[in-house]
Amino acid sequence: MQKKVFCLIILLGSISLWSQVGHNLSKKNTSRSATDKPNFILIVADDLGFGDVGFNGSTEIKTPNIDNLAYSGVRFPQGYVSSAVCSPSRAGLLTGINQVEFGQDNNLSSNQPGFDPEFLGMPVTQKTIADRLKPLGYVSGIIGKWHLGYKPQFHPLKRGFDEFWGYLGGSHDYFKSTPKGSGHTAPIQCNYKTPSPITYITDDKGNECVDFIKRHQAEPFFLYAAFNAPHAPMQATKEDLELYKNIKDKKRRTYAAMIHRLDVNIGKIVKTLDKYGLKDNTLIVFISDNGGPCDVNASINAPYRGQKGILLEGGIHVPYILNWPKTLESGKVYDHPVSSLDLAPTFVKLAGGEIKKEDHFDGVNLFPYITGKDTSLPHQELKWHFTISAAIREGNWKLISLPDRLPLLYYLPTDVSEQNDVSLKNIEKTKELLKKLGDWEVRLPHPVFLEGPNWRKRQLSLYDKEYQLTQPVNNKP
Ligand code: CA
């Protein structure tokens, strides 16, 4: 009898043990049923010049970690953003829809007379990548800059993100954040812990990204790493400035140092993926939200003319990398025009979602094109509208329409820097593109908010400035 009871206890114990193991296994399987769902890390630099990363030919600024993403990933020498300034560009980036299609034409600043401040942000009718990934089983976090509205209805936690560490404005001091601060010194908001005082904000953001990956390693995640480097204010650490003491111009030296710190923190993120064995299952994207504002941060968009705020290539043509060595051919160069608008549909499709007609994406899933399954082009044309300016790229032609001059037409293969306006020599092409652009512009909705009128005048003057179209020489670190 005693023996039977003993056996029964052993048997029950075994069942309990196995059911526990089974439970753990099934729990693991549930969260990682998911393993086939890739993680997404969208790393956005702010106001980075096209020519200021090693892989785009910088002779002055070293970016080994970003270059490593480029060379072990797929790089897109013809990568564009949908606007030449921060806020509308980010609206396009996060929705996959050209933001002017929903009225977010202008940069986000103070409310203008006659406009309803309740609409001063990315329209709440629009879905972000985070909104779209949520029903597909993803946890989403944004670390850094939001710049898509201050009112509660625009808050990132209302726009699909589960976690937010950052600030709502368009720029931030690198060393200082105060509980009652505003503007550049606004407090850091965080919904999952009490944020510590910032040290150097690029490092703090990098550390928060590392922490996010660590905490969410067992589930599919989307991390929007919204760095503000190298956006003004121009502030770098002494240690990083020392690395670039060979650069005489103080602003340019500070800019280089800020990019160095960005690069170091990108390295930290990649190392964390390695540490937790997530590299094979994570798509990393690196992009800048617009071209470098040469006058503000001493950036160089070489070989492109123009800068942040205008539709010459220097304002909208950005470093663009997709890195996922397990799935995408390392070192591949995909040399056809692609857009930041392509990222949202690409992520949705990779996450197991469907791209539906009613989503009205302007972007496309890039994977069939990169992998060669689809040999046609992702875009027959790309169009931009920004306050008083508009542009269209169709094939090798690009036309820019401005209020104070005849339209500008450039043939990009032989005029990468847009120095030779050939509109009068190609009247038929000019008319054709102007018509396409105009037909599009007149059917766009009115902007939901405006920026101050002073920006329009400034914009025109930026088309007439001289730009540095080649890399600096004799400045080796
Ligand atoms: Ca920007």
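Going by the structure above, here's the rest.
This text gives an overview of the structure that appears in the document. (Residues numbered from 1 in each chain as written. Predicted model: local features only at pLDDT ≥ 70, side-chain atom pairs only at ≥ 80, totals over all residues. Heavy atoms only, no water.)

## A short note on the coordination of the calcium ion
- The protein atoms that coordinate the calcium ion are Asp46 (OD), Asp47 (OD), Cys86 (SG), Asp289 (OD), Asp289 (OD) and Asn290 (OD1), at distances of 2.2 to 2.6 Å.
- Between the 6 donor atoms coordinating the calcium ion, the angles at the centre fall across 54 to 160°, so the site counts as irregular.
- When the donor residues of the calcium ion are listed from N- to C-terminus, their spacing reads D-D-x38-C-x202-D-N. (Donors = N, O, S within 2.8 Å, 3.2 Å for Na, K, Ca; no water. Tetrahedral: all angles 85-135°; square planar, octahedral: opposite > 155°, others 65-115°.)

## Notes on the pattern of salt bridges
- Tallied over the full model, the rule gives 29 salt bridges.
- In this structure, Asp52 engages Arg252 in a salt bridge whose closest nitrogen and oxygen atoms are separated by 3.0 Å. Of this pair, Asp52 sits in the loop between strand S1 (39-45) and helix H2 (64-71) while Arg252 sits in helix H7 (residues 250-275), and the two are 200 residues apart along the sequence. In this pair, the class of Asp52 matches that of Arg252, namely buried.
- Between Lys429 and Glu432 there is a salt bridge; the shortest N-O distance is 3.5 Å. Of this pair, Lys429 and Glu432 both sit in helix H12 (residues 427-441), 3 residues apart, roughly one helical turn.
- What makes Glu432 partly exposed here is its relative accessible area of 34%. (Salt bridge = Lys/Arg side-chain N within 4 Å of Asp/Glu carboxyl O. Helix = DSSP H or I, 4+ residues; strand = E, 2+ residues; numbered from the N terminus. Buried < 20%, exposed > 50% of the residue type's maximum accessible area, 1.4 Å probe, protein only.)

## Examining the pairing of strand S9 (residues 320-323)
- Residue alternation in S9 divides its side chains into two sets, Tyr320 and Leu322 and Ile321 and Asn323, and both sets are buried.
- Relative to S9, strand S2 (residues 74-75) runs antiparallel, the two sharing 2 bridges. Looking at the pairing, Val74 lines up with Leu322 of S9.
- Both strand S8 (residues 282-288) and S9 contribute to a ladder of 4 bridges, which runs antiparallel. From the neighbouring strand, Ile284 faces S9, where its bridge partner is Asn323. (Pairing = 2+ DSSP bridges.)

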